[in-house]
Every structure is written in structure tokens, then in C-alpha cells.
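Here's the letter readout for the chains.
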Amino acid sequence: MRPLTEKRVDWGQVRVLAGNGIRLQLRSGRRLPGPRRLSGFHWTVILYGILGFSMAMSLVFRTTQFLYSVMTLGYAMAMIGFSTAADFAWTILYPDEEEIILHRPVSSRTYWLHKTGVLGFSILVLTASLCLPSALLGLLLDGAPPSYPAVYFFAALMAGSAAALAIIALYSAFFSWLKRERFLNALTWFQILLTFSLILFLQMLPDAADAGWPHAEKSGWLLVFPPAWFAGLIQVLSGQGGRMDGMLAAAAVLSLVLLCAVTAGKFSSEYISRLSGPDASGASGRAGKSRISPAAAGWMRLFASDPESGAGYALAAGMLRRDRLARASAHVLFGVPLIFLLLDVLRDRISDPFAASGGAQDLGIRMHLFFSCFAVFYVLKGLAFSRDWQAAWIFSAAPMQGAGRFYRGVKTAVWLNVVIPYYLLCALLLCTRMPWLSGIRHALSLLALGCVGFSLSSFLLRDFPFSLKQMPGDRSLRIRYLLCSIPFYMLCTGFQKWTYGDSRAWLAGIGVLVLVSAAAEELSVRKFPRLIKGG
Amino acid sequence: MISIRGVTKSFGPVKALDRLALEIPAGQIFGYLGPNGAGKTTTVKILSGMIPPDSGTAEIAGFDIVRQSLEVKKRIGVVPESGALYECLTPAEYWEFTGRLYHLDQKTIARRGQEFAELFGLKDRMEERINGFSKGMKQRVVIASALLHDPDVLFLDEPLNGLDANAVLTVKELIRSLAKKGKTVFYCSHILEVVEKLCDRVVILDSGTVAADGSPASLKRMTRRASLEAVFSQLTQDPDAGDAARVLAERLAGEKMKK
């Protein structure tokens, strides 16, 4: 027996649902009412536009028309795939909709079509913001026909749709196999994996543009690289295609048709019954260890010995283990700089930053530093979101002496469970490519700078940890923090520039950073009650 | 109006409903009580087509809840326990959205929306986003959205959550009036005083089975108790729970004295 699978499509309802979905999308991530605040979606569109323009500019004078199309489309596909993956749980599985929609007379297929419509709107807008600059700049390519922008944009729309549908097909398969709670856990890990893959891809793109690729143009291996299929389509549609382009274009069309059939087939008719899932009671989770480790207990005695700090520590440590939002936030934040470092270690691009040749100016060292700054600066801010946000009433109800002390416990947990292991890993990786003393000294510098960033970031906190409900677009909205990390990054590069050449200056610099960090920490503990809403 | 025959539902090893059988006629205000985890919300979810039963059948207004779920859903209104709604919307937008899902025309939605706004004191806040509302105000929006399409059967799962005394009076009066017009009200709650005063018939559910079924007066007579609360307690509570609670309270008071 397969209940809730009425296949009728009510187009009137599809229009109403999709219109509402788009309206929600445009208002996503906006907590407070007000016309002047930009939503997460708007931020994504702006940032994608900037990134698309930068990517097109960096390639347009370096490659042929075909490779330009391959690379920019590859980039757009990766970004749209990532966006779909990041917002899948919201666009496709908006959790509250179980209770808003499921009891209303909406058939499974109608509901699925509305979701597809909303997704189509996202793809259209994101593709436009990512690919319009590439389409227009494409006119500067050698021998590009006047029709290139229009043809390119059409192919980009197809490529973006294919990327989004591929993610949906993959997730739909997971969703069919796994129970909902397990599925959502798997989703978190998949998104982390996808983020790292995207970074790898973006890191390797410039290398590919510089070497090897021009010679490999139109060779058989392109058939396994989806962006090349759509680049082939551009060649065919702009009247410049050969036999290979024809094959690539056929692969593009075929892949899109296949993905449409897979996603709109059986799954769409069972969508609502899957959504209401076998474990709709909400029962989930495993019992886990909640003991404080001896190392943590020692640290707590030193820095967070009062009961409120203890409560903050226990809560944060537990949530970092069990709350998928907290876990994903921390892993992605620190995973990104680690991937950068790992890549540069593998490509042997890191030199001793303490050497006279000035290795501190290496691109690898700088990128790692930038993302470390971002991670340390925003890890606490990211911890404001939780699945259990409703439990945050306790922060207002409990007779707390000082929110600062509570937060000190939270910070201790983050420091011990995430930050320290991260810097240890960095030290290990650095020591493989430079003298071990330099590796440790550089890792120590990063740690000291991290301490300062961590303390300073406390002044940005406005909410108790795990107290906010994650809304659609919240993740996208956090991308803008990248821009805010720049002043702190400049401070870090200044520190390297002024102290790495002289051991005594470096030692004194570390001392100053530790003192600044301690002072900022103390000040933030006192300021917390005024900074935090309801604190 | 509602006919439930041998409905069973399990979540893993937990049997939420065990061969549940009930007949609820039109125009009845049906109180559905039970301790936490007794299966009340599961019953509502099954009857409103949100989850399927493992076995058994149920009909609403003559339509099978599984095979004709869309027909059933057209005739019911649901106020879920969570009170979930799209908080980015205004009440006017939310009602327009839900109304159009039931194919109500624009004029009807606007007229009924205006009436509900006046009834629930939302008239001046129709263009404000719901995310700025208090819990009680949100609940008013949810209740109105469940009634907008004039359903024959109303499922109310803790509908008075967060409402102030005036709003509670309004909702209770609304329920009585709807029942008089022949609407069936399936009312789940833990507020026993309200159920006692409001409902024509009460079923007490315990571990997924019916522990008692009758009018509040007949249940009190049968169990020789003075109130529905006492009946409920007798039928569903661990007999030692009262003593255990007293011992714990004394221990807590003792510890406070020592401090």
C-alpha cells in the first residue's frame, strides 16, 4: 500500500505554491522586518556576480573560446551544485512544511512540481549572476561570434539545471534509502564533502588554465567532464562545431533529459510520503558520552572553574558532538584552510616563512592565513544556530550571574575540541615542507593570532549559542562575513611582515598577542551581558 | 463523520496506536485526551493524511483517508500542535496562500480574512511579518488559516497554546458555534477543565488504546470522581506517582533549608 501518492497535478496550486516559495526565497535569512535589509538570496546573487566576473576576467585573455566556455561553465556548475546542496534541506525539505502543507489537499506531484519551480527560479537567477559576466566578456575572445553571449547563456542555463538536478537526483536516492534523521545527517557530511571538493576544483582551475589544457583541447577525455559537454553545445550552436563538439553537445542534451526523467519520475509521486517519513515522530539520536575528558577538566580548572563556565562547556562540547548544524559549521570553517594548506603542501608550494627569501608572502601561506582568520573569527558566530534553538529559553530564565562566564565555558569547549586540534594539524603539515622549528613557530604565530581573533570575535556576538533557528538563506548570508575578515587578515599579514625576520621581534610579538588576547577576553566577558540580546 | 476501524501505527518498537476504533458523528465536539506519548498527535496526523497507518482503515465524510486523501483533505482543517507557519509572510499573505490552495476566490479570502482579523484582534497587524508576532498572535493566525475554507471537520491539537484569556474565550465560543452548525471538532488537549466544559464526548487514550469513552458527566459517574482531572488521573497515572512527587518535593525543601 502506498498512501499519499495521488498523482494528479493541480496547476493552480503549483502556481500558488511556487509563487509563495519564491517569495520566501527572496525574504530568506532576514530575521527582522524592514525593506532595506538584504536577504541571504540577494547576498548570494551579488557575491556570485562578483565571483563570476572575476573568473571571466582572469580567463578571457588566456584561453581559447572552447576552454573559456569549459572553465567558466565548470565553475558555474560547481557553484550552482554547491548552492543546491547547501539549501537542499530548505528548498526541497522545508522542515515546517510537514505541518503547514501536508494536511492540505495538495498532491505529491503538485508539491514536487512547485519545489522544482522554486529551484528553477533559483537556478535562473544564480546562473544569470554567475554567467552573464562570462557571456558578455566572451565577446573579447579571439574569433568569438556576435551570437556568443546568447548561445553561452542558453548553454549555461542548461548546465546549471543539470548540476542542480544531479544533486537532487543524488539526494533523492539517499532520501529513498535512508530514514529522515539519518538522511539529514548524511546530508551534513555530503555538504562538507562538496564544499571541500569545490575548493579543490577552484584551486586547480588556474593551474589547468596555465598548463596542459590547451594541448588537450577536444581530446577524448573531455567526454567524461560535464562542463565540456555544454561547451561543445556552445560550439555547435554558434556554428563552430566539429565532430567532437557534436558528440559533446549530444552528451549535454542526453544528460539533461536523463536527469529530468530520474528526478521527475517515481520519486516525485512518492515525495510527500517520503517527507512525512517513517520516523515522523521525531524520535532519533543515539546516546553518547557526556563525560568531560581529563585534559578538558584540567583546562576547566585553570580557565573556567565556576559553575556557569562549566555549564557553557558541557553544552558546547555536547552540541559539537551531536548537533549536526554546529558540527557542520565548525568542520567547514576549519576544513577550508586545512584543504588550502594540504593542497599547497602536496604541490610543494610552501616555503619557510622565516627564511630570508620571504616565504611569508607565498600565496599558499597567505590563503591559509586568510581562511584561518575567517574560521577563528566566525566559529562562535556560527554556533548560534541549532536544531534545538527552542531550548534557548533557558538562557533568559536561568538566574545567570554573567553571560560572559557562560560564554567562557563555550569558548573553552570550542578551543579544546576544534581549534587546538586544527592548529596541531597545521603544525604537522607545515613541518613536512619546512624545518620543524619554522613549522612550529609559524603554527604558534597562527595560534597566537587565532587567540586574538577569537577574543575579538566575542564582541560580535549578539545571541546565545544554539539559540537561533536556521532559516533558508542563513548559510548564504554568512558568505558576507568573508569580506569582514579582511581587516583582521591585514593585521595578521602585518605581524608576519614585521616580526618574522627577527627572532626577538617575533617572540616579543607573540607576547604582545597573548597579552592583547587576554585583555580582550577579559573585557569581552565583562561586556557580554550588554552585547547579548536578553543577556 | 469520522470512522476509525482498527488503526495501528508503530514507530520502530513503540506502538503508538493499537487497533484504535472510534465513530464520531457530525456536530460533535470530541475531546481526545491522554498522557504524553499516548498517541493523540499520531491519531491526528493519520486522520489528516500526514502519515499513513500501518494497518486498519479510517473514513472522514465517507472518504477513505488513504485512497482518497485529497478528498479528505479538502474537508478538514488542522491546527497542528507546533503551530508552524511561514513566518516571513504577513497574516494577509499567509491566509491568501492557504485560501488559494483550497481554490477560494480572492474576494472570499479577503472577506473571511477581514472577519478573522477582527475576531482575533489582528486588524491593525495584517501587513506586518509574522516573525514579529508573539506566540499567541501566531496561534491566532494558524487557527484562522485552519478555518478559512470552512471545513466540515476540524482537528485542533492544543489550539489554546499561548492564547490569552480573551482569545481563549473567543476560540471556545467559535468551536461551540461551529459544532452547532454541524461541524465536527476533534479536540486534543491537556487542559482538562476546558475539555470538560467544551466537549460533548471524551475519549481517554492510554498507550495507544482507548481507556475510557463517554460524556464528561458519564465518565465521572462511572469512576465516581468529582472532576475529569481525577478521572484522567485514575485511568492513566502510576498509582505511586503522587507519593514519589511528595517525597521529591520534601527532599528539595530539605536541601534548601540546609543551605
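These numbers were taken from a predicted model, which means no experiment stands behind them. (Residues numbered from 1 in each chain as written. Chains lettered and ligands numbered in written order. Predicted model: local features only at pLDDT ≥ 70, side-chain atom pairs only at ≥ 80, totals over all residues. Heavy atoms only, no water.)

**Notes on the overall build of chain A**
Across its full length, chain A carries 23 helices and zero strands. Residues counted as buried form 56% of the 535 residues belonging to chain A. Across chain A, the fraction of contacts at a sequence separation of at least 24, relative to all contacts at a separation of at least 6, is 83%. A total accessible area of about 23100 Å² is found for chain A, and carbon and sulfur atoms account for 67% of it. (Helix = DSSP H or I, 4+ residues; strand = E, 2+ residues; numbered from the N terminus. Buried < 20%, exposed > 50% of the residue type's maximum accessible area, 1.4 Å probe, protein only. Contact = heavy atoms within 4.5 Å. Areas by Shrake-Rupley, 256 points an atom, 1.4 Å probe, with all protein chains shown as cover.)

**Quick word on the overall build of chain B**
A tally of helices and strands in chain B yields 10 helices and 10 strands. The C-alpha atoms of chain B give a radius of gyration of 20 Å, which matches the 18 Å a tight globule of 259 residues would have. Expressed along its principal axes, the backbone C-alpha trace of chain B runs to roughly 60 × 50 × 35 Å. Taken across its 259 residues, chain B has 53% of its residues classed as buried. Within chain B, contacts between residues at least 6 apart in sequence are counted, and of these 65% link residues at least 24 apart. Summed over its atoms, the accessible surface of chain B is roughly 11700 Å², and 50% of this surface lies on carbon and sulfur atoms. With 36 positive and 33 negative side-chain charges, chain B shows a separation of 1 Å between the mean positions of the two kinds. (Rg over C-alpha atoms; globule rule 2.2 N^0.38 Å. Lys, Arg positive; Asp, Glu negative; His and termini not counted. Charge placed at Lys NZ, Arg CZ, Asp CG, Glu CD.)

**So, the environment of E93 of chain B**
Its location among the elements puts E93 of chain B in helix α3 (residues 91-101). With 35 residues separating them along the chain, E93 of chain B and E128 of chain B place their C-alpha atoms 9.8 Å apart. Once you skip the residues sitting within four places of it in the chain, E93 of chain B turns out to touch R23 and R27 of chain A together with C88 of chain B.

**Digging into the side chain of T72 of chain A**
All names here are of chain A. As for its placement among the helices and strands, T72 is situated in helix α3 (residues 65-91). One polar contact links T72 to Y152, side chain to side chain, over a distance of 2.7 Å. Discounting chain neighbours no more than four positions away, the residues touching T72 are M55, A56, L59, S134 and Y152. (Polar contact = N/O pair within 3.5 Å; in protein donor to acceptor, adjacent residues only side chain to side chain.)

**Structural notes on the sheet that holds strand β4 (residues 55-60) of chain B**
Residues and elements named next belong to chain B. Ordered by their spatial adjacency, four strands build an open sheet running β2-β1-β4-β5, and the pairing between neighbours is antiparallel. Single-partner strands in this sheet number two, and they are β2 (14-24) and β5 (63-64). Relative to β5, β4 runs antiparallel, the two being bridged by two bridges. Bridging across to β5, I60 finds its partner in F63. Taken strand by strand, helix α1 (residues 40-47) contacts β1 (2-11), β2 and β4, and its axis lies near 120° from that of β1. (Pairing = 2+ DSSP bridges. Axes fitted to C-alpha atoms, helices over the stretch in contact; angles between N-to-C directions.)

**Looking at the pattern of salt bridges**
A side chain with one charge can pair with a side chain of the opposite charge if their charged atoms come near. All names here are of chain B. Applying the stated criterion across every chain, the model contains 19 salt bridges over all chains. One salt bridge in this structure joins D18 and K15, with 3.8 Å as the shortest N-O distance. Between K74 and E71 there is a salt bridge, with its nearest N and O atoms 3.3 Å apart. With a gap of three residues between them, K74 and E71 both fall in helix α2 (residues 69-74), about one helical turn apart. Beyond isolated ion pairs, a larger network of salt bridges with shared partners links K15, D18 and R19. (Salt bridge = Lys/Arg side-chain N within 4 Å of Asp/Glu carboxyl O.)

**Quick look at the state of the cysteines**
By the definition in use, this model includes zero disulfides over all chains. Cysteine C426 of chain A shares no disulfide, and the gap to the nearest cysteine sulfur, in C431 of chain A, comes to 11 Å. (Disulfide = S-S within 2.5 Å.)

**Structural notes on the sheet that holds strand β8 (residues 184-188) of chain B**
Residue and element names in this part refer to chain B. The strand order β6-β7-β8-β3-β9-β10 describes an open sheet built from six strands, whose pairing is mixed. This sheet does not close on itself; its edge strands, each paired only once, are β6 (76-79) and β10 (209-214). In this sheet, neighbouring strand axes are inclined to one another by 15° on average, regardless of whether the strands run parallel or antiparallel. For strand β3 (residues 29-33) and strand β9 (residues 201-206), the ladder comprises four bridges, and the chain directions are parallel. Counterpart to G31 in the pairing with β9 is V202. Relative to the sheet, helix α6 (residues 165-180) contacts β3, β7 (153-157) and β8, its axis offset from that of β3 by approximately 125°. Running at roughly 105° to β10, helix α8 (residues 216-223) makes contact with β9 and β10 of the sheet.

**Things to note about the interface of chain A and chain B**
Between chain A and chain B, the contact holds 34 residues from the first and 36 residues from the second. Around 3600 Å² of area is buried between chain A and chain B when both sides are counted, 59% of it from carbon and sulfur atoms. Summed over the three residues of chain A that lose the most area to chain B, namely E99, H103 and R104 of chain A, the buried surface amounts to 20% of that side. Residues K45 of chain B and E99 of chain A are paired through a salt bridge, measuring 3.9 Å at the closest nitrogen-oxygen approach. One can count five residue pairs in polar contact (both at pLDDT 80 or more) joining chain A with chain B. When residues of the side of chain A that touches chain B are traced back to their parent elements, those giving at least two are α1 (11-26) and α4 (97-100) of chain A. (Buried area = accessible area lost by both parts, 1.4 Å probe.)

**Some remarks on the pairing of β3 of chain B**
Residues and elements named next belong to chain B. Within β3, five of the five residues are buried, leaving the element largely enclosed by the surrounding structure. Side-chain alternation along β3 places I29, G31 and L33 on one buried face and F30 and Y32 on a second face that is also buried. Pairing of β3 with β8 involves four bridges; the strand directions are parallel. Of the residues in β8, the one forming a bridge with I29 is V185.

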